[in-house]
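Observations on the model geometry
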Amino acid sequence: AEAKAASKEEKAASKDGTPSTKDDDPDGAQLASTDNPLGEATKIVSMLQQHAPSHVETHLLAFEVYMRSGKAILALQAAKQAVRLSPESPAAHRNVCAMFVACERLFAQWDAEKPAEGEKPAVAAARAAQRGTVREVYALERDEMLPKGTGMLDRLEAYNASYLEAHGTLSLAQRSAAGEVL
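Scope of this entry: the structure provided in the associated data block. Remember, it's a predicted structure, so these values are computed and weren't measured experimentally. (Residues numbered from 1 in each chain as written. Predicted model: local features only at pLDDT ≥ 70, side-chain atom pairs only at ≥ 80, totals over all residues. Heavy atoms only, no water.)

**Focus: the environment of Trp110**
Relative to the helices and strands, Trp110 is located in helix α6 (residues 90-112). Here Trp110 falls in the buried class, since its relative accessible area comes to 15%. Measuring from C-alpha to C-alpha, the distance between Trp110 and Ala128 comes to 9.5 Å, with 18 residues separating the pair along the chain. Aside from chain neighbours lying at most four places away, what touches Trp110 is Arg131, Val134 and Arg135. (Helix = DSSP H or I, 4+ residues; strand = E, 2+ residues; numbered from the N terminus. Buried < 20%, exposed > 50% of the residue type's maximum accessible area, 1.4 Å probe, protein only. Contact = heavy atoms within 4.5 Å.)

Listed below in structure tokens is the structure:
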């Protein structure tokens, strides 16, 4: 009975001119069994950024993947693009706030790290240079995106207040996003 149904579906698909394609993994089990899910997700995000750059969802997904991959600069870029495309988006607002909080925590972690025993000086110097570049880019973006303030918490609260003022009357989702990041 199943073979007849499948045969009918193939015939029906070919009648309207679209080719029939069979999904070999309809439940996604094969896709989920990958050894490197973040690597696969990064490939998908890259394709989305290339082919659907004007969709805010592309950049919201990119933010999630890059944050989980520890790629702070790419996550920051995705968060900025999402806000640029949809300034009223609650998810984009949450991502920006999460990005700045995560970077502050990362920098505190870096500051607390002690050099690894037996580490070559060249490796330590390269890591320090890379981290210095990340901090510089972060500071420039932070100063561009967040209002001036005495500390990070003050700046995030001012950013949140300006978001709420501009978009808080649109829907409960915007008010909820502003409340979540406090």
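**Points about the environment of Tyr66**
Looking at the secondary structure, you find Tyr66 in helix α4 (residues 56-69). With 24 residues separating them along the chain, Tyr66 and Thr42 place their C-alpha atoms 7.7 Å apart.

**Some points on the layout of surface pockets**
Space inside the second largest pocket adds up to approximately 180 Å³. Trp110, Glu113, Lys114, Pro115, Glu119, Ala124, Arg127, Ala128, Arg131, Gly132 and Arg135 together form the lining of the second largest pocket. A total of 6 residues in the lining of the second largest pocket trace back to one element, the largest contributor, which is helix α7 (residues 121-145). Partitioned by chemical class, the residues of the lining of the second largest pocket number 4 nonpolar, 1 polar and 6 charged. (1 Å grid on protein atoms, 1.4 Å probe; cavity = no way out; pocket = protein on both sides within 12 Å on 5 of 7 lines; lining within 4 Å. Points joined across faces, edges and corners; volume = space filled by probe spheres on them. Nonpolar A, V, L, I, M, F, W, Y, C, P; charged D, E, K, R; others polar.)

**Quick look at the packing of α6 against α7**
Where α6 meets α7, the closest approach of the two axes is 12 Å, and the angle between their N-to-C directions is 145°. Classified by chirality, the crossing of α7 by α6 is left-handed. Here Val96, Phe100, Cys103, Glu104, Phe107, Trp110 and Asp111 of α6 come into contact with α7, specifically with Arg131, Val134, Arg135, Tyr138, Glu141, Arg142 and Met145. Tallied by class, the residues present in the contact of α6 with α7 amount to 8 nonpolar, no polar and 6 charged. (Axes fitted to C-alpha atoms, helices over the stretch in contact; angles between N-to-C directions. Left-handed = near helix turned anticlockwise from the far one by under 90°.)

**With respect to helix α9 (residues 172-180)**
Restricting attention to buried positions, one finds in α9 the residues Gln174, Ala177 and Ala178. With its buried residues spanning 95° around the axis, α9 presents them on a single face. Its buried side turned inward, α9 meets α6 and α8 (152-167). One side-chain oxygen of the residue at the start of α9 lies 3.2 Å from the amide nitrogen of Ala173, identifying that residue as Ser171. (Arc of directions from axis to C-beta. Polar contact = N/O pair within 3.5 Å; in protein donor to acceptor, adjacent residues only side chain to side chain.)

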